[in-house]
Amino acid sequence: MTSEARPEAAVRNERLRLRLRSIRTFGQRFAARPDGVIGVVVLIFFSILAIAPSFFVGDLQTVTSASGLPLDPPSLGHLLGTDELGRDILNLTVHGTRISMVIGLLATVITIVLGALVGILAGYVGGRTDTLLMRVTDFFLVLPTFVLALILAPIILDLVGSGSEVFGIRVTLIVIVVVIGITSWASTARIIRSQTLSVKERAFVGRARVIGSGGGHIMWRHILPNVMNLIVANTVLVFGGAILTETTLSFIGLGDPFAPSWGEILNAAESAGAMGLGAWWYVVPPSVCIVLVVLAFTLVGSALDDVLNPRLRVRR
Amino acid sequence: MGSRYLVRKTLGAIFTIFLIVILNFVLFRMMPGSPDRILLRNPNLSAEAMAAVRARWGLDKPLLPDQLVDYLEATAAGDLGFSFKFHGESVTDVLADRIWPTLILFGLGEILAVIFGLALGAYSGWKRGGAVDYIGNGLSLILYSMPYFVIGILLLGIFAVGLHWFPTSGMLTIGGNNDTFASQLLDFASHLFLPLMTVAIGLIGQYSILMRSSVIETLGEDYVTTARGKGLSSGKILRSHALPNALLPAVTLIAINLGYVIGGAITVEVVFNWPGLGTLTVQALEARDYPVLQGIFLLLSVSVVLANFAADLIYGRLDPRVRA
């Protein structure tokens, strides 16, 4: 028994050693990119805010629990001033972090899953499936997807009713998540497909097929792990884009006033005419947060892309 | 060879536009209640007009194929239905009223951004690691992370509300001194300036990042090394070897980005209350004016498809390889 177990244990140890080594080299390479590290720090900061906003600024203030006078400039009591209803802007902005980040995260999950699925299927199966899927993808690439989201969101909202809740999450938010997801997967699908095409030609895929592995198994166990690098880097970039899209949709008036994201706060500021009244404190905090977070995602994304997909660097 | 490329691209564009029209039809039928109820909800439509519309769209006939065919015919004839919000005016008229301000704003904004963005990007890529590259690339990244309306709000706050240099909203001063053409033009220009800057600044970041990486990529090519080996000056290499090739991907990417640009740019109009398609979109959204929303979707998507088609043709002219 021991004589059989030993080589197996050795294989396992070797695997573990290799994995640890690759994680370490990844860490070292990433640490060599100061922009990426700064991005990570910013994202950790905002993630902490998003996880426990009430811990830092108390519960989300509403019209009834507003703590100050309308449009009060920054003071010791309200570090970032108040909005037209007397709500503390710091309170709103910190709670907005959670809503913006959660919508961004969920929309990213839908985008990446859809994009990876379409990309791997099209690339691996090929033939007519590929042609058809890529037609659809190209259609979505050409289409001004934001404008499509603009008309899809109200239609779906009218269909399901905007007041209701599903699993305790407000339907408006779910609709925004779904709309962002189904309008932004196309470029991910394109990228994944081209990588799948090259992975498919590698020897180990042929070997797997020879020993009788099915298509699903090959895609799941052999193709997916080998396009994971691209998926990870792309996820980070898509996340930033999703937050931007959410912000813009909310600013246009498709957000949920009862769950104010940063875009929703800016929408409220716009309707209250905050800028015309000189209430810069209403507008600047959410704007700065949006820029910081999206910038951080862009920096981390491009650093990851460089580290994980080193082939891109060869020609430079 | 060249004509085959042209035919393929033309057929592709026509097919895409056809798909967009079909999508518009499906969305229209997906709407809560039948299109019939939507029409009834419009209080500004007379009974005769209702009957005429019902006949035009064949709402008493089956969905497929009759209604689809009728819909396609009406759309092809430029009949996009009637607006709820604008007193039963036809959607085509509503759109026609609003298209010019948008065209002026974004046409000029695109031109400014293409010129300055590409120039900045090319220079930063050429002098990689220099001061201009460092500052320019940093600024571009920040601008790239800013939604257009945030740029607009900041410019509005500083230059219109704070310094009173420019008017805060609209396209012309209402009841202003507009006796002569010159004063009218001046008034228009002062209203246009800030939104125009917003659009241009928002785009410059994107275009410069794009052009920079394209130039850096091209400067690594073998023919650039050859040119350097021949002893050509660095400026000469950039002008006659690197730039023409670096512009190729830039043309495509600008066209592909157009869809996103239009979406983000809608919000700029909202910030400055510019009476174009962007503010119309928001008004239509608030009133749930579906016919107008669909008209906007159709108009914008078809424009983007046509712009992509134009980019393909330009690309084909610039790069003979793709025509094969």
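Residues numbered from 1 in each chain as written. Chains lettered and ligands numbered in written order. Predicted model: local features only at pLDDT ≥ 70, side-chain atom pairs only at ≥ 80, totals over all residues.

Peer 1: For this particular structure, what's the right way to read the packing of helix 10 (residues 234-272) of chain B against helix 12 (residues 290-318) of chain B?
Peer 2: Two numbers describe a pair of packed helices, the interaxial angle and the distance between the axes. Residue and element names in this part refer to chain B. One can describe the packing of helix 10 onto helix 12 by two numbers: an axis separation of 9 Å at closest approach and a directional angle of 175 degrees. Here helix 10 is positioned roughly antiparallel relative to helix 12, judged by the angle of their axes. Of helix 12, the residues touching helix 10 (which contributes L248, V251, T252, A255, L258, G259 and I262) are L300, V304, A307, N308, A311, I314, Y315 and L318. Along the lines of polarity and charge, the residues of the contact of helix 10 with helix 12 split into 12 nonpolar, three polar and no charged. (Axes fitted to C-alpha atoms, helices over the stretch in contact; angles between N-to-C directions. Helix = DSSP H or I, 4+ residues; strand = E, 2+ residues; numbered from the N terminus. Parallel < 35°, antiparallel > 145°, perpendicular 65-115°, else oblique. Contact = placed C-beta atoms within 7 Å. Nonpolar A, V, L, I, M, F, W, Y, C, P; charged D, E, K, R; others polar.)

Peer 1: For this particular structure, what's the right way to read helix 5 (residues 91-126) of chain B?
Peer 2: Given a rise of 1.5 Å per residue, 36 residues ought to cover 52 Å, and the 49 Å separating the end C-alpha atoms of helix 5 of chain B matches this to within 8%. The largest bend along helix 5 of chain B reaches roughly 35 degrees and is located at B:I99, with the proline B:P101 sitting one to four residues downstream. (Expected span 1.5 Å × (residues − 1). Bend = angle between axes of the 7 residues up to and from the residue.)

Peer 1: Explain the nonpolar core to me, please; I cannot follow it from the model alone.
Peer 2: Soluble globular proteins tend to bury their nonpolar side chains together. Residues A:A149, A:A153 and A:I176 are the most contacted members of the largest nonpolar core, which totals 145 residues. Excluding residues that lie within four positions of it along the chain, A:A153 makes contacts with A:V175, A:I176, A:V179, A:L249 and A:L254. (Core = buried A, V, L, I, M, F, W, Y, C linked by C-beta atoms within 7 Å. Buried ≥ 20, exposed ≤ 12 C-beta atoms within 10 Å, placed from the backbone.)

Peer 1: Help me out: how do you make sense of the interface of chain A and chain B in this one?
Peer 2: You'll often see interface size given as the accessible area lost when the parts meet. Across the contact, 35 residues belong to chain A and 43 residues belong to chain B. If you list the elements that add at least two residues to the side of chain A that touches chain B, you get helix 5 (127-142), helix 6 (145-160), helix 10 (215-254) and helix 12 (280-308) of chain A. It is helix 6 of chain A that contributes the most residues to the side of chain A that touches chain B, 10 residues altogether.

Peer 1: Can you walk me through the packing of helix 2 (residues 34-51) of chain A against helix 12 of chain A in this structure?
Peer 2: All names here are of chain A. Running from N to C, helix 2 and helix 12 point in directions that differ by 135 degrees, and their axes come no closer than 8 Å. Between helix 2 and helix 12, the angle falls in the class oblique. Between helix 2 and helix 12 lies a crossing whose hand is left-handed. Contacts between helix 2 and helix 12 pair D35, G36, I38, G39, V40, V42, L43 and F46 from the former with L292, V293, A296, L299, V300, A303 and L304 from the latter. Counted by class, the contact of helix 2 with helix 12 contains 12 nonpolar, two polar and one charged residues. (Left-handed = near helix turned anticlockwise from the far one by under 90°.)

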